[in-house]
Amino acid sequence: MGYNIHFVGLACFIERNDGFLVALPDGRGYDDPCTGKKIHDHRPYLIIPQLDVKASSLAGTIRDDCFIVPLSSVSQLDFELADEADKVEKADLLANGYRWQNVDAAFKMDPDKPQDVITAIPIRQGTFEAVRFADAGANDTAVLTSVTITANSTGKFKIFAGRDELTVREGAVVVVANVAPQWLENARYMDDDDHFFLYHRLSGTSTGGCTKAQGKLPKQTPAKHPFLETSRGLRVSCSNTVYP
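Residues numbered from 1 in each chain as written. Predicted model: local features only at pLDDT ≥ 70, side-chain atom pairs only at ≥ 80, totals over all residues. Heavy atoms only, no water.

## Re unusual backbone geometry
Now for step 1: In this model, D116 sits at a positive phi of 55 degrees, which is unusual for a non-glycine residue.
Now for step 2: Position of D116 among the secondary structure elements: in the loop between helix 1 (91-96) and strand 12 (117-123). (Helix = DSSP H or I, 4+ residues; strand = E, 2+ residues; numbered from the N terminus.)

Laid out in structure tokens, this is it:
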């Protein structure tokens, strides 16, 4: 049995020789380069069903049956086993995910040190899938990236943030969301804005193309996770499988 990670909102998958670096760009204090309008601040969070958490030295809060850990001060998040070199199954992501150069041909980044990243997550094994979840209340083009990783024999795994760690049961569904904080509380009654171009912050050379990526996946039923099942944050996650 394995465990599953869903990436929601701003998450850029940077392909490297032995896997991916998942970069969560800084979504704070940014104006849309195409409209000039200020975009809601976007911040990264770790969101886990409360019953799946065995122990934690990470400070978090409980909301809607989920344990929520802000990651704004966490430079790197390590999932047990995920950063051990093994094998990455990426065919589905390569076939169905968005590729940034198709949106902005001038986009380039340093794959080892992308600019303006709040939190980075190295993943060197697991199965990557691009998943489109139906969002009943708003935009239905939300695409998430699902990563399944084989669990260890102890029946639990740990998530490390520096010296702190969080132990989660085997089979847990974990969400890493880089979204506007307001969407954690209410996804239905806020004015939407286009966070898509926040990805430009990862590149020092892009001039900021204004073409949007288009979803092409059939809708799927959300995973059993309180955050996903209520579609929170999905309305602003249409670009989360972008990679160079």
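## Some remarks on the nonpolar core
Now for step 1: Grouped together as the largest cluster of nonpolar side chains are 35 residues, with contacts concentrated most on F7, L46, L77, F79, I121, I159 and L166.
Now for step 2: Excluding residues that lie within four positions of it along the chain, I159 makes contacts with L46, I48, L77, D78, F79, D164, E165, L166 and V168. (Core = buried A, V, L, I, M, F, W, Y, C linked by side-chain atoms within 4.5 Å. Buried < 20%, exposed > 50% of the residue type's maximum accessible area, 1.4 Å probe, protein only. Contact = heavy atoms within 4.5 Å.)

## Some words on the packing of aromatic side chains
What characterises a pair of aromatic rings is the spacing of the ring centres plus the angle enclosed by the ring planes.
Now for step 1: Counting across every chain of the model gives four aromatic pairs.
Now for step 2: Residues F13 and F128 carry aromatic rings whose centres are separated by 6.0 Å and whose planes lie at 90 degrees to one another, so their mutual orientation is edge-to-face. Remark: F128 occurs in strand 13 (residues 126-133) and F13 occurs in strand 2 (residues 12-16); sequence separation between them is 115 residues. Take F13 and F128: they sit in the same class, and that class is buried.
Now for step 3: Ring geometry for F20 and F128: centres 4.7 Å apart, planes at 45 degrees, overall tilted. One end of the pair, F20, is in strand 3 (residues 19-25); the other, F128, is in strand 13, and 108 residues separate them in sequence. Neither residue differs from the other here; F20 and F128 are each classed as buried. (Phe/Tyr/Trp six-rings, centres within 6.5 Å; stacked < 30°, edge-to-face > 60°.)

## Some points on the side chain of H225
Now for step 1: Its place among the elements puts H225 in the loop between strand 18 (219-220) and helix 3 (226-229).
Now for step 2: For H225, a relative accessible area of 0% puts it in the buried group.
Now for step 3: There is a polar contact of 3.1 Å between the side chain of H225 and the backbone oxygen of I47.
Now for step 4: The residues touching H225, leaving out its near neighbours within four places in the chain, are I47, I48, P49, C66, V173 and V175. (Polar contact = N/O pair within 3.5 Å; in protein donor to acceptor, adjacent residues only side chain to side chain.)

## Observations regarding the sheet that holds strand 12
Now for step 1: Pairing is antiparallel in the open sheet, where three strands are placed in the order 2-3-12. The open sheet has two edge strands with one neighbour each: strand 2 and strand 12. Neighbouring strand axes in the sheet, compared pairwise and without regard to direction, differ in orientation by 25 degrees on average.
Now for step 2: When strand 3 meets strand 12, the two strands line up antiparallel, connected through six bridges. Pairing of L24 across the sheet is with T119, part of strand 12. (Pairing = 2+ DSSP bridges. Axes fitted to C-alpha atoms, helices over the stretch in contact; angles between N-to-C directions.)

## Regarding the environment of V176
Now for step 1: Along the chain, V176 falls in strand 17 (residues 173-179).
Now for step 2: Considered as a pair, V176 and P44 are 132 residues apart in the sequence and their alpha carbons are 7.1 Å apart.
Now for step 3: With residues near it in sequence (within four places) discarded, V176 still touches I5, H6, F7, V8, L24, Y45, L46, F79 and I121.

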